[in-house]
Amino acid sequence: MTDLSVTAANVLPGAGATTDRGLAGGTITAGMTVYKAADGTIVAADADSATVLARTPIGVALNSASAGQPVDYQKSGSITIGATMTAGVTYYQSGGAGLICPLADVSSSEYLCIVGIATSTTVLKLSFNYSGVLGT
């Protein structure tokens, strides 16, 4: 399995979406998982980062942004992720910055963090849950 191949232009908030806005701390593309850095900026999350904060996504970017630009992100609810998924499969934070993958793609050097469950081939119900446990 591999990381989801997200088409940024197809990322849209869905039913029950809870969103927020912040300033990007680096380049972010719509569909990337994000976390709030210690300086308050929004940055791409990463399952194999050395810091817990970076391994704990709080949302999925709804627009693309460069450092210092506003970025909207979705924290909960359903999201059209702009990628093809398998309905019923749980998706996780990837070791690739901002990327999402199925469990089969989480390596033993990456911390497990659920991003959500696919409710169809295009919609992901967000449910962020960081375990603090390495993949197997």
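Look a little higher up for the structure.
Note that the structure is a prediction, hence the values are computed from the model and not measured.

### Comments concerning the pairing of strand β6 (residues 70–80)
Consideration 1: Here strand β1 (residues 12–13) pairs with β6 via two bridges, running antiparallel. Across the sheet, L12 pairs through a bridge with T80, a residue of β6.
Consideration 2: Bridge analysis of strand β5 (residues 59–61) against β6 gives two bridges, and the strand direction is antiparallel. Bridge pairing in β6 places A61 opposite Y73.

### Let's talk about the environment of A47
Consideration 1: By the secondary structure assignment, A47 is in the loop between β4 (42–44) and β5.
Consideration 2: Sequence separation between A47 and Y130 is 83 residues; the distance between their C-alpha atoms is 9.6 Å.
Consideration 3: Apart from residues lying up to four places away in sequence, A47 is in contact with R55, Q93, S94, G95, S109, E110 and Y111.

### What about the packing of aromatic side chains?
Consideration 1: Under the defined criterion, the tally for this structure stands at one aromatic pair.
Consideration 2: Residues Y111 and Y130 carry aromatic rings whose centres are separated by 6.4 Å and whose planes lie at 40° to one another, so their mutual orientation is tilted. Pair noted here: Y111 is in strand β9 (residues 111–118) and Y130 is in strand β10 (residues 123–134), with a separation of 19 residues, a long-range link.
Consideration 3: By relative accessible area, Y130 is classed as partly exposed at 23%.
Consideration 4: The ring of Y111 has R55 sitting right over it, with the charged end atom 3.7 Å from the ring centre.

### Examining the pattern of salt bridges
Consideration 1: The full count for this structure, using the stated rule, is two salt bridges.
Consideration 2: When the shortest N-O distance is used, the salt bridge between D20 and K75 registers 3.8 Å. Of this pair, D20 sits in strand β2 (residues 18–23) while K75 is found in strand β6, placing the two residues 55 residues apart along the sequence.
Consideration 3: By relative accessible area, K75 is classed as partly exposed at 34%.
Consideration 4: Ionic pairing is found between R21 and D72, a salt bridge with its closest N-O pair at 2.7 Å. Residue R21 is located in strand β2, and its partner D72 is located in strand β6; the two are separated by 51 residues in the primary sequence.
Consideration 5: Judged by its relative accessible area of 55%, R21 is exposed.

Rules of the game
- Residues numbered from 1 in each chain as written.
- Predicted model: local features only at pLDDT ≥ 70, side-chain atom pairs only at ≥ 80, totals over all residues.
- Heavy atoms only, no water.
- Pairing = 2+ DSSP bridges.
- Helix = DSSP H or I, 4+ residues; strand = E, 2+ residues; numbered from the N terminus.
- Contact = heavy atoms within 4.5 Å.
- Phe/Tyr/Trp six-rings, centres within 6.5 Å; stacked < 30°, edge-to-face > 60°.
- Buried < 20%, exposed > 50% of the residue type's maximum accessible area, 1.4 Å probe, protein only.
- Lys NZ or Arg CZ within 6 Å of the ring centre and 35° of its normal.
- Salt bridge = Lys/Arg side-chain N within 4 Å of Asp/Glu carboxyl O.

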